[in-house]
Amino acid sequence: MGDHIVSISQARPLELDLLCQKLEADYSAHIKGEGTKPEAKKSNFLSKAIAAFVLHEEAKAPLEEAVAASIDGGFDHGIDSVYLAPDQTIWLVQSKYKDSGSGEPELGEVSKFRDGVTDLLHGKFDRFNQDLRKRQAQIENALNSESCRVRVILVYSGTAMADDKRNIFNDLENAFNGTNPGFVRCFSYGLSTLHELHMAGLSAAPIDAMLELRDFGHTQSPYRSFYGRIDAKYLAELWAEHKERLVERNIRRFKGSTTVNAGLSKTLREEADHFFYFNNGVTFLCQSIQEQFPRDSHRRSGKFLAKGISIINGAQTVGAIAREPVAHYEEHATEVMVTLICLNNAPEDFGDRVTQYRNRQNSVELEDFAALDERQIMWQKTLRAGDVDYLVQEGADDPALSDRCFSAREAAPFLACTITGNDWIDFVIAAKTDQKRLFSRKDMVSSKDPLRDSYSRLFPDSLTARQMWRTVQIGRYVREKIRDESRSISDPRKLPEGSLPGKEILKHAAWLVLHVICIRLKSQNGASLALDQHDLDTLSREVNLVATQLVSVIQANSWGKQARSIFENKTDCQAVKKQLMAALARQN
């Protein structure tokens, strides 16, 4: 019969569940679904709500206007919503709700949308329903405006769109942009884009600050930056107001009472006037910098309005400064070196590169760089919306790991056990012996390291927040059950000479057992965010089965070495897995 692998159908994405919750909360009082059956009414409501959601979030339309933009119904000619923005941009939206969270609109639907946009721009209003024709005068006025732009949005709660549909949009742009480049722009918003809009709406507003620098200098090319001395008191006040939001772009948050931070605090209390000389300073990234009036031609002092600031190096410095009361700095003047780097007109990845290289000068672990990955932040926001805390950056006030909280460092070795390629053994052994290697990246480790690209393998674009959290729950459960098994297992009375005790085997077998269970059950792909009782019962039976067969397989051979050595040796581990999978197949 082969390996016993439980087939699990594709789970509905957590991102879609969260989006639907938001649409119900924000739009159910404003939009009524139409149809003869409850399922049809719900689907129609969600299609209309998605269109309004995109207009509200992307076009910045007031909620009421985003809802009123709908022309969905008979003779809509494939266009579900039309919104005229104050800047004379015409937003044309076709929305399709897909309850599975996968797939894409039909080619005929996209073609109909293209034809509708074409007829509207040709002025053939007689082909549309009354809802659109009521807006004919406004649309014509906008189209006659020199600043008019048309944004064509196909929005659907599914996956990536095929090239044949994309080509339809490309042809539409080419047809109308010949004399006015950029006049028509076409976009497709799938579930991933909708989720990004949803999470962006939950993000806190950017931080703007007025900073006063003394004896400042500047660079203007290739990118603008300013540097100089700043009062520690101001940094303490800035932290008191914004706290951890100041370091969202950093790879680490304030770590609290470490040896280094204790030294910073001691200097602040006992040698405040020397702090400037003993400290590396603080680096801010910002979206824009504007020097304020009055200006000092000698640059002895200057005020700068910095918008969208974030500390990307010096979080420990600012955190230590903030631990002292503000009154301390009124009695003990303390200065800090500050660098402000403006990202305006810089390449898209420049901020991340600055963060990475500036932090390499200090003691930083490979795991810390996960905080620079935008996907990690998206997973974190997604899970937070599902009432689960995902810790990406380390901080002094991190909550304890629990049934509602886990970290990237905890997740990596569990995810390593889901790898099924030929190099699975490298991941499983690293999970047991050196988990830091699981965060390796090509530009940070030796090119000869078999795990040089392990981070991108464990945290690919295809990984979902639900899969990650379920994998962690499975890993926790399996390891705990294996510990229980190792305490309770009893060996046969006449164990062959040289055979390893079952307790010793299971003490070191947890990661291989987890790997085998992940590839057999595939429970990490389940439908619910939290493991349910059925999941736990299935896992319990599987752990008992795999653990029993594993002990039998190993005790049937004379290894001449300790159990630890077997599970940390590639050749031995591969041989054990092969025999174990064969034994399990015979059990089915």
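Please refer to the structure higher up on the page.
Bear in mind that the values here come from a model prediction, so they are computed numbers and not experimental data.

Focus: the state of the cysteines
Reasoning step 1: For the structure on display, the rule yields 0 disulfides.
Reasoning step 2: Cysteine cysteine 342 remains unbridged, with the sulfur of cysteine 286 as its closest cysteine sulfur at 4.8 Å.
Reasoning step 3: Overall, cysteine 342 belongs to the buried group, its relative accessible area being 3%.
Reasoning step 4: You can see cysteine 417 has no disulfide; the closest cysteine sulfur is in cysteine 518, sitting 6.3 Å from it.
Reasoning step 5: Accessibility expressed as a relative area gives 0% for cysteine 417, which makes it buried.

Focus on the pattern of salt bridges
Reasoning step 1: A full pass over the atoms with the stated rule returns 29 salt bridges.
Reasoning step 2: The salt bridge partner of lysine 22 is aspartate 26, with a shortest N-O separation of 2.7 Å. In this pair, lysine 22 and aspartate 26 are both assigned in helix H1 (residues 14-27), 4 residues apart and thus about one turn of the helix distant.
Reasoning step 3: With a closest N to O distance of 2.5 Å, lysine 570 and aspartate 426 form a salt bridge. Of the two residues, lysine 570 is situated in helix H23 (residues 570-587) and aspartate 426 in helix H17 (residues 424-433); the sequence distance between them amounts to 144 residues.
Reasoning step 4: A relative accessible area of 11% means that aspartate 426 is categorised as buried.
Reasoning step 5: If you follow the salt bridges from partner to partner, you end up with Arg214, Asp215, Arg229, Asp231 and Glu335 in one network.

Structural notes on unusual backbone geometry
Reasoning step 1: Between serine 221 and the following residue, proline 222, the backbone shows a cis peptide bond with an omega angle of 0°.
Reasoning step 2: Structurally, proline 222 can be placed in the loop between strand S5 (208-219) and strand S6 (225-231).
Reasoning step 3: With an omega of -5°, the peptide bond between phenylalanine 293 and proline 294 qualifies as cis.
Reasoning step 4: Positive phi is not limited to glycine here, since asparagine 345 has a value of about 75°.
Reasoning step 5: What makes asparagine 345 exposed here is its relative accessible area of 68%.

Quick word on the side chain of histidine 515
Reasoning step 1: Position of histidine 515 relative to the elements: it lies in helix H20 (residues 502-521).
Reasoning step 2: Looking at histidine 515, its side chain comes within polar contact range of the main-chain oxygen of cysteine 417, at 3.0 Å.
Reasoning step 3: Residue contacts for histidine 515: discarding those within four places in its chain leaves Cys417, Ile419, Trp424, Val428 and Lys577.

Basis of the calculations
Residues numbered from 1 in each chain as written. Predicted model: local features only at pLDDT ≥ 70, side-chain atom pairs only at ≥ 80, totals over all residues. Heavy atoms only, no water. Disulfide = S-S within 2.5 Å. Buried < 20%, exposed > 50% of the residue type's maximum accessible area, 1.4 Å probe, protein only. Salt bridge = Lys/Arg side-chain N within 4 Å of Asp/Glu carboxyl O. Helix = DSSP H or I, 4+ residues; strand = E, 2+ residues; numbered from the N terminus. Polar contact = N/O pair within 3.5 Å; in protein donor to acceptor, adjacent residues only side chain to side chain. Contact = heavy atoms within 4.5 Å.

Read these as geometric descriptors, not functional statements.
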